[in-house]
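# Geometric and topological summary
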Amino acid sequence: MREIGINVNSDIIYGVDPFIDCIKQTGFNTVFTYGNEPDFIAHIADKCVSLGLKYEALHAPWTNINDLWTEGEKGDTVIKMLMESVSLAASHGITKVIIHLSSKENCPHITDAGLLNFDKLVNFAAGKNITIAVENQRKLGNIATILEIYPKGSNVGFCWDNGHEACFAHGREYLPLFGDRCVYTHIHDNNRIYNVDEHLLPYDGQIDFRRVADLLHASGYKGSLTLETDTPREGSDKYASLSLEQFVSKAFAAINRLRILSE
């Protein structure tokens, strides 16, 4: 069976260490985190080594990510931020860095400057044996362009976010297009309302996970299935009534159900 994972947020109300201990005990295999916080990343890396968990991916920041497509200082600043993610990942044995190529509806068009910026990132990551995984947001064209320029076998792949697809893509399905390029997944649920990205646990919203399983199976993707859920944190009450053990058990049952369906 394929591995299953979950996101680890620095502000989870249960505490990071108890959360990681619990997910290991419950049966999760992998984790990913967000952002360029060196001390937090180092701590998670050490914790994973001690427990035998795989720290599989680092989700790069997306602050001002639309500036990726501009030349000059703004573009340079974004690339520096993304390169920092690559360096941090490489320093801790993390093999994938997840990035956004755009944000919101009115993002820039694809530009020569942006493609040059992205090429700098790809070459930098290749030198550190890091795969850059581009995640679907609202726009198709930038992903299609990047995955055409950098073919299968390069260090550029696709991160399929099924929740984003359900609330951003107007019915478009990405795995039939890019399934052979998929190197990572973000799995979560929502109520299929446009621009309402709820990050619920699977089966708590309106996404058809039988269809998700069929798409995964048909794509040939054999990598991990990784939850990207709104873990109980300050300011989020989605699962605040659950204890640590209740939340982790519920999360494991949901992703394991999808794992079984998608085999």
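Residues numbered from 1 in each chain as written. Predicted model: local features only at pLDDT ≥ 70, side-chain atom pairs only at ≥ 80, totals over all residues. Heavy atoms only, no water.

Let us now look at the side chain of His164. With respect to the helices and strands, His164 occurs in helix α6 (residues 162-168). Apart from residues lying up to four places away in sequence, His164 is in contact with Glu135, Asn136, Gln137, Ala169, His188, Asp197 and His199. (Helix = DSSP H or I, 4+ residues; strand = E, 2+ residues; numbered from the N terminus. Contact = heavy atoms within 4.5 Å.)

This part covers the nonpolar core. Counting 75 residues, the largest nonpolar core has Phe19, Phe28, Ile99 and Phe118 as its most contacted members. Apart from the residues within four sequence positions on either side, Phe118 is in contact with Leu68, Ile79, Ile99, Leu101, Ile132, Val134, Ile146, Tyr150 and Val156. (Core = buried A, V, L, I, M, F, W, Y, C linked by side-chain atoms within 4.5 Å. Buried < 20%, exposed > 50% of the residue type's maximum accessible area, 1.4 Å probe, protein only.)

On to the pattern of salt bridges, then. Evaluation of the coordinates by the stated rule reveals 11 salt bridges. Notably, a salt bridge pairs Arg233 with Asp11, separated by 3.7 Å at the nearest N-O pair. Taken together, the residues Arg233 in the loop between β8 (225-227) and α9 (244-262) and Asp11 in the loop between β1 (4-7) and α1 (16-26) connect sequence positions 222 residues apart. The partly exposed category is assigned to Arg233, whose relative accessible area is 23%. By relative accessible area, which is 36% here, Asp11 ends up partly exposed. Here Lys250 makes a salt bridge to Asp204, at a shortest N to O gap of 3.3 Å. Of this pair, Lys250 sits in helix α9 while Asp204 sits in the loop between β7 (182-186) and α8 (209-219); the two residues are 46 residues apart in sequence, bridging distant segments of the chain. By relative accessible area, which is 30% here, Asp204 ends up partly exposed. When salt bridges that share partners are traced, they join Asp11, Asp230, Arg233 and Lys238 into one network. (Salt bridge = Lys/Arg side-chain N within 4 Å of Asp/Glu carboxyl O.)

This part is about the packing of α1 against helix α2 (residues 38-51). As a packed pair, α1 and α2 sit with axes 11 Å apart at the nearest point and diverge in direction by 35°. The hand of the α1/α2 crossing is right-handed. On the side of α1, the interface is formed by Val16, Asp17, Ile20, Asp21 and Lys24, while α2 contributes Phe40, His43, Ile44, Lys47 and Leu51. Its residues assigned to classes, the contact of α1 with α2 comprises five nonpolar, one polar and four charged. (Axes fitted to C-alpha atoms, helices over the stretch in contact; angles between N-to-C directions. Left-handed = near helix turned anticlockwise from the far one by under 90°. Nonpolar A, V, L, I, M, F, W, Y, C, P; charged D, E, K, R; others polar.)

With parallel pairing, eight strands are arranged side by side in an open sheet as β7-β6-β5-β4-β3-β2-β1-β8. For this open sheet the edge positions go to β7 and β8, each flanked by a neighbour on one side alone. In this sheet, neighbouring strand axes are inclined to one another by 30° on average, regardless of whether the strands run parallel or antiparallel. Strand direction decides the pairing type here: strand β6 (residues 156-161) and β7, joined by four bridges, are parallel. What sits directly across from Asp161, in β7, is His186. Together, β3 (54-59), β4 (96-100) and β5 (131-135) form the strand contacts of helix α3 (residues 73-91), whose direction differs from that of β4 by roughly 160°. (Pairing = 2+ DSSP bridges.)

Structural measurements only, silent on function.
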